Amino acid sequence: MDDLKSWKALAAEHRGITLALAEFIANLRPRDVPGHTQDVLAKALVDTVGCGLYGLTTPWGRIMRDYAKDRQGPAEAGLWGAQARVSVNNSVLAAGTAIHSFDFDDHSRAKIHPGALVVPVVLALGERERVDGRTAMVAMAAGYETMNRVSQAANPSRARMRGWHLTGTTGTLAAAAAASVILGLDAATTASALGLAGTQSAGLWAFTADGGMSKRMHPGRSAEAGVAAALLAARGFVGPRYILEAEDGGLLFGMSDSPRPGMITKDLGSFWHADATCFKPHACCGSNHACVDAALALVRENDLDVADVARIVAGIPSVVRTQTGFDYRADSVLNAQMSLRYNIAVAMTDGQAYLEQFTPERIVEKQVFDLSKRVEIEIDPEIDRAYPDIYGGKVTIHTRQGKVLTRQVDYSLGMPENPMPHSEIERKFMSLASAAVGEEKAGDILVLANGAFKAKSVAPLNVALTEVTVREPAGAEVAATA
């Protein structure tokens, strides 16, 4: 349907979806958010803050924090790990970058990372506006729902194949939605905010070509753009209120050759996409987790020595092959996290794919590098048909002794069908946060994060994140080529 005539007919049929979404956001109240959804958002808040603290130990997280500190602006909100107050715009730019700095933050099958940009907006703008925990929860719900629906409406697989990084392209609208709730904007003004956010939509997948840092920046930049959009709309700066469905220049048609505008309003208010939030036990691309789980299971169940492995075949969807099936070059931490070949090889070798597996030193070690070269990628037709509704993967291991071992995983650990309980999210938080700020400070922040939705103000949490001293960087981004 990648032609203007067809799009115009579809756009006319769905005219008004941007305003309908804005009305949902403006009218959303705590009682409207189901209890299960609130529980998922509570886990997301804890998980996101932990990822952000660890992200501040990375070079790219630190660069953006220092950049935001230098830009300063009015002292409206805390700057995480900097003992300084800056403008809300600069605060969310740095925090969003830090959260996504190790690709360990929550995601969804809409191919987005909502927590990385929604949570910074809620905490920073919430601090400035002195909002309570219930308002913060509603703002998170609005942001998560907006981001998921816009991505689904763009048709995430098709948008991804055009080279868009959906966390960047849809994140601006999610940030604007969350900010609109915090600011208490009415529906018309919220529609303007969405329009101003959508016209700033950006984010391209070119970072895998050379391991550039741009992927880390996309959530921060989206959060910054969304906050600016809401603040401008509140001042009367009018945005395009048909940003999603406009016949000429509508976001959905610009992002995809097969947009699905009806997804914006389908079951709006009764079906909550936040319930399908996925949490990561492995520090790599979420699309690779099924294969990582399959490989780990085969090694454990068969007491397999990786020295006995002749070849490994990973069966995946076609989109994932484009995204993570490239030849592993051992040239950057980012590419190691994205590379399915490396993820499988290091998980089989070490029994996990956690922090220690993604350091500049580890990603070039010869044993793992050599094993990654024995990983073959193929498109599995059944798994391909089910994607992205099911993020499945199949691993087949051929041993030097002639054995063939196969395991398919449809729902990896952390998916809503195979959830990580809150206690496991807390364990992950303490691992990440303790590495960044020490166990005592991490524990104090965990208490604040767990109680945020019931607090009279979210400011103490953002203040605590600002006042911590972060340990030295985890390592340089670019490693020597193996």
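Above this note sits the structure.
So, here is what we can say about the structure in this document.

**Some points on the pattern of salt bridges**
Under the counting rule described, the total for this entry stands at 21 salt bridges. Between Asp 103 and Lys 215 there is a salt bridge, with its nearest N and O atoms 3.3 Å apart. With Asp 103 in the loop between helix 5 (88–99) and helix 6 (115–129) and Lys 215 in helix 11 (residues 214–234), this residue pair connects regions lying 112 residues apart in the sequence. For the pair Asp 103 and Lys 215, a shared accessibility class is recorded, and that class is buried. Each member of the salt-bridge network shares a partner with another, and the members are Arg 71, Arg 221 and Glu 224.

**A closer look at the nonpolar core**
If you look at soluble globular proteins, the nonpolar side chains tend to sit buried side by side. Counting residues in each nonpolar core, the largest one holds 152 residues, and the members touching the most others are Leu 53, Met 140, Leu 244, Ile 344 and Met 348. No other element matches the 12 residues that helix 7 (residues 133–154) contributes to this core. Not counting residues up to four positions away in its chain, the partners in contact with Met 140 are Leu 41, Ala 44, Leu 45, Val 118, Val 119, Val 122 and Phe 453.

**Re the packing of aromatic side chains**
This structure, assessed with the given rule, holds nine aromatic pairs. Look at Tyr 328 and Phe 369: their rings are 6.0 Å apart centre to centre, the planes differ by 50 degrees, and that puts the pair in the tilted class. Within this pair, whereas Tyr 328 is found in the loop between helix 14 (318–324) and helix 15 (333–338), its partner Phe 369 is found in helix 17 (residues 366–372), the two being separated by 41 residues in sequence. Summarising the burial analysis for this pair, Tyr 328 and Phe 369 share the class buried. What links up through ring pairs into an aromatic cluster is the set Tyr 328, Tyr 342, Phe 358 and Phe 369.

**Structural notes on unusual backbone geometry**
Following Tyr 387, the chain continues into Pro 388 via a peptide bond in cis, with omega recorded as 5 degrees. Here Pro 388 is to be found in the loop between helix 18 (381–386) and strand 5 (393–399). The phi torsion at Lys 111 lies on the positive side, around 65 degrees, for a residue other than glycine. Of note, Lys 111 is situated in the loop between helix 5 and helix 6. By relative accessible area, which is 10% here, Lys 111 ends up buried.

**Considering the environment of Glu 424**
On the secondary structure map, Glu 424 appears in helix 19 (residues 422–437). Expressed as a C-alpha distance, the spacing of Glu 424 and Gly 414, which sit 10 residues apart in the sequence, is 9.8 Å. A polar atom in the side chain of Glu 424 sits 2.9 Å from the side chain of Arg 427.

**Side note on empty space enclosed by the protein**
Under the criterion given, the structure shown has two cavities of 30 Å³ or more. In this structure, the largest cavity occupies an estimated 160 Å³ of space. Lys 111, His 113, Trp 205, Cys 285 and Gln 323 are, among the 19 residues lining the largest cavity, the residues nearest its centre. When the residues that make up the lining of the largest cavity are grouped by side-chain class, the tally is six nonpolar, eight polar and five charged. Put simply, the second largest cavity is a space of about 30 Å³. Around the second largest cavity sit Cys 51, Tyr 54, Gly 55, Ala 98, Ile 99, Ser 101, Phe 102, Phe 104 and Leu 432, which together line it. Those elements giving two or more residues to the lining of the second largest cavity turn out to be helix 3 (35–55) and helix 5. Taken together, the residues of the lining of the second largest cavity sort by class into seven nonpolar, two polar and no charged.

**A short note on the sheet that holds strand 4 (residues 375–379)**
With mixed pairing, four strands are arranged side by side in an open sheet as 4-3-5-6. Two strands lie at the open edges of the sheet, namely strand 4 and strand 6 (404–409), each paired on one side alone. Averaged over neighbouring strand pairs, the angle between their axes works out to 15 degrees when direction is ignored. Across the sheet, helix 13 (residues 289–302) lies against strand 3 (309–316), strand 5 and strand 6, angled at about 140 degrees from strand 6, the strand it touches most.

**Topic: helix 3**
Between its first and last C-alpha, helix 3 extends 30 Å over 21 residues, near the 30 Å set by a 1.5 Å rise per residue. Burial runs high along helix 3: 17 of the 21 residues are buried.

**Focus on the state of the cysteines**
Enumeration over the complete set of coordinates arrives at zero disulfides. In this structure Cys 284 is not part of a disulfide, and its nearest cysteine sulfur, from Cys 285, lies 7.2 Å away. According to the relative accessible area criterion, Cys 284 is buried, its value standing at 0%. Residue Cys 291 stays outside any disulfide, its sulfur separated by 10 Å from that of Cys 284, the closest cysteine.

Parameters and conventions
Residues numbered from 1 in each chain as written. Predicted model: local features only at pLDDT ≥ 70, side-chain atom pairs only at ≥ 80, totals over all residues. Heavy atoms only, no water. Salt bridge = Lys/Arg side-chain N within 4 Å of Asp/Glu carboxyl O. Helix = DSSP H or I, 4+ residues; strand = E, 2+ residues; numbered from the N terminus. Buried < 20%, exposed > 50% of the residue type's maximum accessible area, 1.4 Å probe, protein only. Core = buried A, V, L, I, M, F, W, Y, C linked by side-chain atoms within 4.5 Å. Contact = heavy atoms within 4.5 Å. Phe/Tyr/Trp six-rings, centres within 6.5 Å; stacked < 30°, edge-to-face > 60°. Polar contact = N/O pair within 3.5 Å; in protein donor to acceptor, adjacent residues only side chain to side chain. 1 Å grid on protein atoms, 1.4 Å probe; cavity = no way out; pocket = protein on both sides within 12 Å on 5 of 7 lines; lining within 4 Å. Points joined across faces, edges and corners; volume = space filled by probe spheres on them. Nonpolar A, V, L, I, M, F, W, Y, C, P; charged D, E, K, R; others polar. Pairing = 2+ DSSP bridges. Axes fitted to C-alpha atoms, helices over the stretch in contact; angles between N-to-C directions. Expected span 1.5 Å × (residues − 1). Disulfide = S-S within 2.5 Å.

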